[in-house]
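# Analysis of the macromolecular model
If you want the building blocks of each chain, they are given just below.
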Amino acid sequence: LEASVSRLDYEVLLAALLQKNRSWILAHEEYELSQNEMDTILAWLKRRIDNEPVAYITGTKEFYGRSFIVNNTVLIPRPATERLIDTLGDFIQKDADLVTDIDTGIVAYGKRFASLKNIRTIVDIGTGSGCIAVTLAFRYPQYDFIATDVSDTALNIARRNVQQYQLEHHITCRYGPYLDPIQELAVPFLIISNPPYVPDGEKLPNDVSSYEPHQALFAGSDGGDVLRELIKQAKQHSFCAGIIIECKKEQAPECRMKN
């Protein structure tokens, strides 16, 4: 079974099982697994051979240097979203619209409605695992944070990640679609979101299409249904100063034209 998965995947799985890092695994090849450990790693390898993502097997994924609890009710955090977080700082500092490449064919699209210098709260819409809100809460302690999701099960994962980093005083989790959970918010705020933006029917890698939540991936024939509605509602909210979104490069100009 070990030969049926990549060496990297095997090392990551073994490290998670033994609660060691990969360096330890490489330095202790003589270590003999117990029967229980052997049974577990064999079961995990079978799952990986069936294309289940490593993060779902181990139940964790690293994002911006921190470990986050994940399961198949939330998207697996990706490097592009780390760049979305990096771009947020530029957006606030420049206080102007932006479109920045954050991965191949993927951009951070920032739309400003009022001065971003006055914001007091950052709202992570479609928070999933909560990795964006948690990472930003460490980086920008001067702001309050609200993390929302339309999935109860996803929001439970976000709450667990908020709790494991003891940020309950800093991040509030709320259930609901789009801006529904923050309609009453009466302080200047900024929205950040990695919403679903994949066109319906677009072919994705097997480990993504078979295991990751489709509700968090697909958004209409051109992938822009959620983007357009989110920007529309953000623009209409009296206290929303701006919004920054991860999306496909070709979707950013369309978002501008629609608003």
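This text gives an overview of the structure that appears in the document. Worth saying up front: this structure is predicted, and the values here are computed from it rather than measured. Per chain, residue numbering runs from 1 following the sequence as it is written. Owing to the predicted nature of the model, reporting of local features is limited to residues with pLDDT of at least 70; listing and counting of side-chain atom pairs is limited to 80 or more, with chain, interface and lining totals taken over all residues. For side-chain calculations, the full set of non-hydrogen atoms in the structure is used, while hydrogens and water are omitted.

### Considering the side chain of Asn161
Put simply, the test is: The way it works is that DSSP assigns letters per residue, a run of H or I at least four long becomes a helix, a run of E at least two long becomes a strand, and they are numbered from the N terminus. Burial classification: accessible surface area is computed with a 1.4 Å probe over protein chains only, and a residue below 20% of its type maximum counts as buried, one above 50% as exposed, and the rest as partly exposed. Under the rule applied, a polar contact is a pair of N or O atoms within 3.5 Å (in protein, one hydrogen donor and one hydrogen acceptor; residues adjacent in sequence only if both atoms are side-chain atoms). Should any heavy atoms of two residues lie within 4.5 Å, those residues are considered in contact.
Tracing the backbone shows Asn161 in helix α7 (residues 152–164). In this structure Asn161 comes out as buried when scored by relative accessible area, which is 0%. At a separation of 2.8 Å, a polar atom in the side chain of Asn161 contacts the main-chain amide nitrogen of Ile69. Beyond its immediate chain neighbours, meaning those up to four positions away, Asn161 contacts Phe68, Ile69, Ser129 and Val134.

### Observations regarding the sheet that holds strand β9 (residues 240–248)
As a reminder of what qualifies: Being paired, for any two strands, means DSSP has found at least two bridges between them. In this analysis an axis means a line fitted to C-alpha atoms, helices contributing only their contacting stretch, and an angle means the value between N-to-C directions, from 0 to 180 degrees.
If you walk across this open sheet you meet the seven strands as β3-β4-β9-β8-β5-β6-β7, and the pairing is mixed. Pairing within the sheet leaves two strands with one partner each, and these edge strands are β3 (98–103) and β7 (171–175). Here the strands of the sheet are splayed against their neighbours by 20° on average, with no regard to which way each runs. With five bridges connecting them, β3 and strand β4 (residues 106–112) associate as antiparallel partners. Looking at β4, one finds that Asp101 is bridged to Val107. Its contacts with the sheet place helix α6 (residues 131–139) against β5 (121–125), β6 (144–149), β7 and β8 (189–193), and it is angled at close to 175° to β6.

### Digging into the nonpolar core
The condition is simple: By convention a nonpolar core is built from buried Ala, Val, Leu, Ile, Met, Phe, Trp, Tyr and Cys residues, the set being connected through side-chain atoms within 4.5 Å.
Counting residues in each nonpolar core, the largest one holds 56 residues, and the members touching the most others are Leu88, Leu136, Ile171 and Ile191. For Leu88, the residues in contact, after removing those within four places along its chain, are Ile122, Leu136, Tyr140, Leu190, Ile192 and Ile244. Membership of the second largest hydrophobic core comes to 13 residues, among which are Val5, Leu18, Ile41 and Trp44.

### Topic: the environment of His214
Inspection of the secondary structure puts His214 in the loop between α8 (206–209) and α9 (225–236). By relative accessible area, which is 42% here, His214 ends up partly exposed.

### Observations regarding the environment of Ala137
Structurally, the position occupied by Ala137 is in helix α6. Sequence-wise, Ala137 and Glu37 are 100 residues apart; in three dimensions their C-alpha atoms are separated by 37 Å. Beyond its immediate chain neighbours, meaning those up to four positions away, Ala137 contacts Phe145, Leu167, His170 and Ile171.

### Describing the packing of helix α5 (residues 79–94) against α6
Operational definition: Handedness of each helix crossing follows the sense of rotation of the near helix against the far helix: counterclockwise by less than a right angle gives left-handed, clockwise gives right-handed. The residue classification treats Ala, Val, Leu, Ile, Met, Phe, Trp, Tyr, Cys and Pro as nonpolar and Asp, Glu, Lys and Arg as charged. All others, Gly included, are polar.
At a minimum axis distance of 11 Å, the contact between α5 and α6 shows a crossing angle of 35°. The two elements α5 and α6 cross, and the hand of that crossing is right-handed. Between α5 and α6, the residues in contact are Thr81, Leu84, Ile85, Asp86 and Leu88 and Ile132, Thr135, Leu136 and Arg139, respectively. Classifying every residue of the contact of α5 with α6 by side-chain character gives five nonpolar, two polar and two charged.

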